[in-house]
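Here is what each chain is made of, one letter per residue.
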Amino acid sequence: MKRRQEKPPEPDMAPDASDQLAINTVRILAVDMVERAQSGHPGMPLGAAPMLFVLFRHIMRHNPRNPSWLNRDRFVLSAGHASAMLYAMLHLSGYDLTMEDLQQFRQLGSRTPGHPEYGLTPGVETTTGPLGQGIATAVGMAISERHAAAILNRGEIELIDHYTYVICSDGDMMEGIGSEAASLAAHLQLGKLICLYDSNGISIEGPTSLAFTEDTSSRYRAYGWHVQEVEDGNDTKAIHDAVMLAREESRRPSFIRVRTHIGYGSPNRQDTAKAHGEPLGKEETALLKAAFGFPPEARFHVAPEVREHFRPVREQGEVLEATWNSMFGHYALRFPEIAQSLRDRLEGRLPEEWEDALPSFTPPQERATRQASQACLEAMAETIPFLIGGSADLGSSCGTFLKGAASFTAENPGGATIHFGVREHSMGAILNGIALSGILRPYGATFLIFSDYMKPAIRLSALMRLPVVFIFTHDSIGLGEDGPTHQPVEQLAMLRAMPNLTIIRPADANETKAAWALALGLKGPVALVLTRQKLPVLDRENDSCMEEVAKGGYILSDWSGAPAPEDAAIIIATGSEVHISLQAKVMLEKEGIAARVVSMPSRELFLLQPEAWQHRVLPPRVTTRVVVEAASPFGWDRFSGPSGCIIAIDRFGASGPGGAVMEALGFTASHIAETVRELRKNKT
């Protein structure tokens, strides 16, 4: 049996007319796409097409017939604005992307959008466009490969053995997230990560020298990357040799600076900002085509010999996957339990009765929900394979230091606890890359206030509907003495405004347990919002917390009798404000005021429920409603209604003991009860 999957034969990379015609076809297709759409970025495709061609045609192991083959090499176009180049290459390589798709570039409903979108275009590994996100996501992919190889490969059977390739732009080099990710990649010695830097010296405003004069090669050397430079971006042999040398470097990620010309071949646009983000125009396009030997009047032209030149990509891809499938068959015979576990993970199945391993919480315990989350994570780490994650240097605070869990390091890639360092933004993108691997299930933690740093990565996670769990602790002014710089106010509103993201803010340890059970079954990312301070474990009349949290909002404590009296009140609360709402209900009942307490850990899930459930929990006829949440009131008016009131925060917090800050800003049972009384008084 081969130690590794079969590789394509090494090509003769001497100057080749067929290669050159294929490269120029990619260039012209990209220009035609932009010209037809009258929108897009022709400059980078004209300059960077040779390096993309070398990867797809001569180096990468991929199967266009099956873009989701598990052990394929991954390619990330971090400079997503050059999407036309990628679409042209995918089409010619044999992916399920037709010429009609290319002709619909940037049109509504097409499979060739303005920037690459994961899940929409076959062969696109991740959504890119916000610069820097791509290379950081690729670091996550490389981490996933390294960890999966460590836990799955056995002896001579290297089941997981693939590379992650990236093409970056000058803009990617400028963005801070790229620096965060590059630093971590070198520290973790991710030798199968190879980045080609399209160094063309032009950005939208003009020469990059206006704002960017650093020596990027020296910077990456300082990080600890293996660095090479290719002086001529049209020298396919030099590009090929540099990539192959990078593949031999096992302990350092590789950075290849390729000097290119934006708008290459365009007589009047080459090396100018005008080539970056607008169509070349009819006359310039005709001149460009003539310069490359293409009929100036032809549109979307692909010569038969070019299609023939790409045929080996498909043939070799099918052989590579078939060889790997045979390897997996032998693997499954020798290691049936591990193989089945991998199949289950790839098909989205969790181990049977895994929820039974979750801890139990009973009154009169008091436990911060971050502590309850840690207890759940420790239980899940024992029962759920492929779970991996960590924090941005806040493991002890966020509850991601798990007992007995080994750290993921360069020396021990089989460890499942990742130390991201103080790199929140790149942590979010890296989690996305890990999720995109299809094998591992990632989570990452920091304080809720620092979700501000992560928003672009969270947004892409939501756009791609990735199964990432974002753990945000220290969730309110209740965290106390660290003061307003660390006390979140507007962050929940920000996260709730994001489509496809489910936010769960549990009221106690049992709701936290239910939130974790729910998070692993939902499609798309989940934000768990947890307290620093201890909360009482709530005394429930039944044990239906799991089902109730899944509905987003439920009746935690009801008024006596049914139906509700006309002057009854509903108190709606989340997280740490639920228990003081229960105290307020007791006060009101002593005065003969009927009150219901609704715990609403997830507004998103509640609004997905049938109207009958929503009306059962919040009967329209009961208009005396008080919403209580120690955060911005934004969005709560749809629940409080026009006759209700929202106890929230419209200012920054203050430094002091958590309980004192909460009391000073009105988060007490007595204030809630008084608000209910005032509402009732105003209605009479």
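What counts and how
Residue indices begin from 1 for each chain and proceed along its sequence in written order. The predicted nature of this model means local features are confined to residues of pLDDT at least 70 and side-chain atom pairs, given and counted, to a pLDDT of 80 or more, with totals for whole chains, interfaces and linings taken over all residues. Note that the side-chain values use all heavy atoms of the structure and ignore hydrogens as well as water. UniProt positions are given in the numbering used here, feature names are shortened, and annotations may be inferred rather than shown by experiment. A side-chain nitrogen of Lys or Arg and a carboxyl oxygen of Asp or Glu constitute a salt bridge if their distance falls within 4 Å. Only runs of H or I of at least four residues qualify as helices and only runs of E of at least two qualify as strands under DSSP, and these elements are numbered from the N terminus. Think of it in three bands: residues with accessible area under 20% of the maximum for their type are buried, residues over 50% are exposed, and the middle band is partly exposed, with areas taken using a 1.4 Å probe on protein chains only. For this analysis, residues touch if any pair of their heavy atoms sits within 4.5 Å. Only protein atoms enter the 1 Å grid, on which a cavity is a set of points fitting a 1.4 Å probe that cannot get out and a pocket is an open set with protein on both sides within 12 Å along at least 5 of 7 lines, lining residues being those with an atom within 4 Å of a point. Grid points are joined across faces, edges and corners, and a volume is the space filled by probe spheres set on the points. Amino acids are sorted into nonpolar (Ala, Val, Leu, Ile, Met, Phe, Trp, Tyr, Cys and Pro), charged (Asp, Glu, Lys and Arg) and polar (every other residue, Gly among them). Excluding any residue in a salt bridge, patches collect residues exceeding 30% relative accessible area, merging like charges within 9 Å and nonpolar Val, Leu, Ile, Met, Phe, Trp and Tyr side chains within 5 Å. Note that accessible areas follow from Shrake-Rupley with a 1.4 Å probe, and for residues the cover is restricted to the protein chains shown. When charges are counted, Lys and Arg are positive and Asp and Glu negative, with His and the chain ends excluded. Think of each charge as sitting on NZ of Lys, CZ of Arg, CG of Asp or CD of Glu. The axes are straight lines fitted to the C-alpha atoms, using for helices just the contacting stretch, and the angles between their N-to-C directions are given from 0 to 180°. We call two directions roughly parallel when the angle between them is under 35 degrees, roughly antiparallel when it is over 145, roughly perpendicular when it lies between 65 and 115, and oblique otherwise. Directions from the helix axis toward the C-beta atoms define the arc. In this analysis, strands are considered paired if DSSP registers two or more bridges between them. Cysteine sulfur atoms that come within 2.5 Å of each other are treated as a disulfide pair. Every residue carries a pLDDT, the predictor's confidence in it, which falls somewhere between 0 and 100.

Under an unreviewed UniProt entry, the protein has the name Transketolase and belongs to Chlorobium luteolum. On record in UniProt, under Function (unreviewed entry), the comment for the protein is "Catalyzes the transfer of a two-carbon ketol group from a ketose donor to an aldose acceptor, via a covalent intermediate with the cofactor thiamine pyrophosphate." Word for word, the UniProt comment on the protein under Catalytic activity (unreviewed entry) is "D-sedoheptulose 7-phosphate + D-glyceraldehyde 3-phosphate = aldehydo-D-ribose 5-phosphate + D-xylulose 5-phosphate".

A.B. asks: Explanation requested: the pattern of salt bridges in the structure shown.
C.D. replies: Two side chains that carry opposite charge are able to pair once their charged atoms sit near each other. For the coordinates displayed, the defined rule picks out 32 salt bridges. When the shortest N-O distance is used, the salt bridge between arginine 259 and glutamate 229 registers 3.6 Å. One end of the pair, arginine 259, is in strand E7 (residues 254–259); the other, glutamate 229, is in strand E6 (residues 226–230), with 30 residues separating them in the sequence. Residue classification places glutamate 229 among the partly exposed positions, given a relative accessible area of 35%. Residue arginine 349 pairs with glutamate 347 through a salt bridge whose shortest N-O separation is 2.2 Å. Among the residues examined, glutamate 347 registers a relative accessible area of 51% and is labelled exposed.

A.B. asks: Just to check I follow, could you spell out the environment of glutamate 589 for this structure?
C.D. replies: Of note, glutamate 589 is situated in helix H20 (residues 577–590). Residue classification places glutamate 589 among the partly exposed residues on the basis of a relative accessible area of 36%. A sequence separation of 534 residues divides glutamate 589 from leucine 55, and the C-alpha atoms of the two residues are 72 Å apart. Discounting residues that sit within four places of it in the chain, glutamate 589 has contacts with Asp558 and Ala595.

A.B. asks: When you look at the layout of surface pockets in this model, what are you seeing that I'm missing?
C.D. replies: Space left empty within the atom packing is revealed by a probe, the size of a water molecule, rolled over the atoms. Considering only enclosed or pocket space, the largest pocket measures out at about 900 Å³ in volume. The wall of the largest pocket is formed by 38 residues, among which Tyr118, Arg345, Leu346, Ala435 and Gly438 lie closest to the centre. At the level of elements, helix H11 (304–334), helix H12 (336–346) and helix H15 (424–436) are the ones that each hand at least two residues to the lining of the largest pocket. When residues in the lining of the largest pocket are grouped by element, the largest group, four residues, is from H12. Grouping the amino acids of the lining of the largest pocket by side-chain chemistry returns 20 nonpolar, nine polar and nine charged. Put simply, the second largest pocket is a space of about 460 Å³. At the level of secondary structure, the elements contributing two or more residues to the lining of the second largest pocket comprise helix H5 (133–152) and helix H9 (236–248). With five residues, H5 is the largest single contributor of residues to the lining of the second largest pocket. Counted by class, the lining of the second largest pocket contains seven nonpolar, four polar and 11 charged residues.

A.B. asks: I keep staring at a negative patch on the surface and nothing clicks. Help me out?
C.D. replies: A contiguous patch of negative charge on the surface is contributed by Glu352, Glu353, Glu355, Asp356 and Glu547. Residue placement: glutamate 355 occurs in the loop between H12 and strand E8 (366–368). According to the relative accessible area criterion, glutamate 355 is partly exposed, its value standing at 35%.

A.B. asks: I tried to follow the UniProt feature "active site" (unreviewed entry) in the protein on my own but got confused; where do I start?
C.D. replies: Under the UniProt annotation, the feature "active site" (unreviewed entry) is placed at Glu424. Topologically, glutamate 424 is positioned in helix H15. Residue classification places glutamate 424 among the buried positions, given a relative accessible area of 7%. Apart from the residues lying within four places of it in its own chain, the contact partners of glutamate 424 are Glu180, Ala392, Thr446, Phe450, Tyr453 and Met454.

A.B. asks: Any chance you could explain the packing of helix H3 (residues 83–93) against H11 here in plain terms?
C.D. replies: Each pair of packed helices can be summarised by the angle the axes make with each other and by the distance between the axes. Between H3 and H11, whose axes approach to 8 Å, the crossing angle comes to 80°. By the angle class used here, H3 and H11 are roughly perpendicular. Where H3 abuts H11, its residues Met89, His91, Leu92 and Ser93 lie against Val306, Arg307, Phe310, Val313 and Arg314.

A.B. asks: I would appreciate a short explanation of the UniProt feature "binding site: thiamine diphosphate" (unreviewed entry) in the protein in the present structure.
C.D. replies: UniProt records the feature "binding site: thiamine diphosphate" (unreviewed entry) at His81, Gly129, Pro130, Leu131, Gly171, Asn200, His276 and Phe450, using the numbering of this structure. A maximum C-alpha distance of 34.3 Å among these annotated residues, which run over 370 residues, shows that they spread across the structure rather than meeting at one spot. Within the element layout of this structure, glycine 129 appears in the loop between helix H4 (99–103) and H5. Once residues lying within four places of it in the same chain are set aside, the contact partners of glycine 129 are Ser78, Gly80 and His115.

A.B. asks: Mind showing me how you'd approach empty space enclosed by the protein here?
C.D. replies: The final tally for this structure, using the stated rule, is four cavities of 30 Å³ or more. Size it by volume and the largest cavity reaches roughly 80 Å³. Partitioned by chemical class, the residues of the lining of the largest cavity number five nonpolar, four polar and three charged. If you trace the second largest cavity, you find 10 residues lining it, with Phe56, Met60, His62, Val313 and Gln316 closest to the centre. Counting only elements with at least two residues in the lining of the second largest cavity, the list comes to helix H2 (43–59) and H11. It is H2 that contributes the most residues to the lining of the second largest cavity, four residues altogether. Across the lining of the second largest cavity, the residue classes break down as six nonpolar, three polar and one charged.

A.B. asks: Would you explain helix H10 (residues 282–291) in this entry?
C.D. replies: Residues spaced three or four apart along an α-helix face the same direction, because each turn holds 3.6 residues. Residues Glu284, Thr285, Leu288 and Lys289 constitute the buried set of H10. For H10, the angular spread of the buried residues around the axis is 135°, confining them to a single face. Exposed residues on H10 whose side chains face more than 90 degrees from its buried face are Lys282, Glu283 and Ala291. In this structure, the buried side of H10 is in contact with helix H1 (17–37) and H2. Taken from the residues just after H10, glycine 293 is the one with a positive phi, measuring 80°.

A.B. asks: For this particular structure, what's the right way to read the pairing of strand E17 (residues 569–573)?
C.D. replies: One face of the sheet, then the other: side chains in a regular strand alternate in exactly this way. Summarising burial for E17: five of the five residues are buried, a large majority. Pairing geometry for E17 and strand E18 (residues 595–599), over five bridges, is parallel. The residue bridging isoleucine 572 from the neighbouring strand is valine 598, located in E18. Strand direction decides the pairing type here: E17 and strand E19 (residues 624–628), joined by five bridges, are parallel. In the sheet register, alanine 573 faces E19, and the bridge partner there is valine 628.

A.B. asks: When you look at the state of the cysteines in this model, what are you seeing that I'm missing?
C.D. replies: By definition, a disulfide is the covalent link that joins the sulfur atoms of two cysteine residues. Tallied over the entire structure, the rule returns zero disulfides. Cysteine 376 takes part in no disulfide bond, and the closest cysteine sulfur to it belongs to cysteine 545, at a distance of 11 Å. The exposure class of cysteine 376 is buried, given its relative accessible area of 0%. Residue classification places cysteine 545 among the buried positions, given a relative accessible area of 7%.

A.B. asks: I would appreciate a short explanation of the confidence of the model for the protein in the present structure.
C.D. replies: The predicted coordinates of low-pLDDT regions are not to be read in fine detail. Put simply, the protein has an average pLDDT of 95, and 97% of its residues get 70 or more. Scored below 50 in pLDDT, residues 1–9 makes 27 contacts in the model with residues more than four places away or belonging to other chains.

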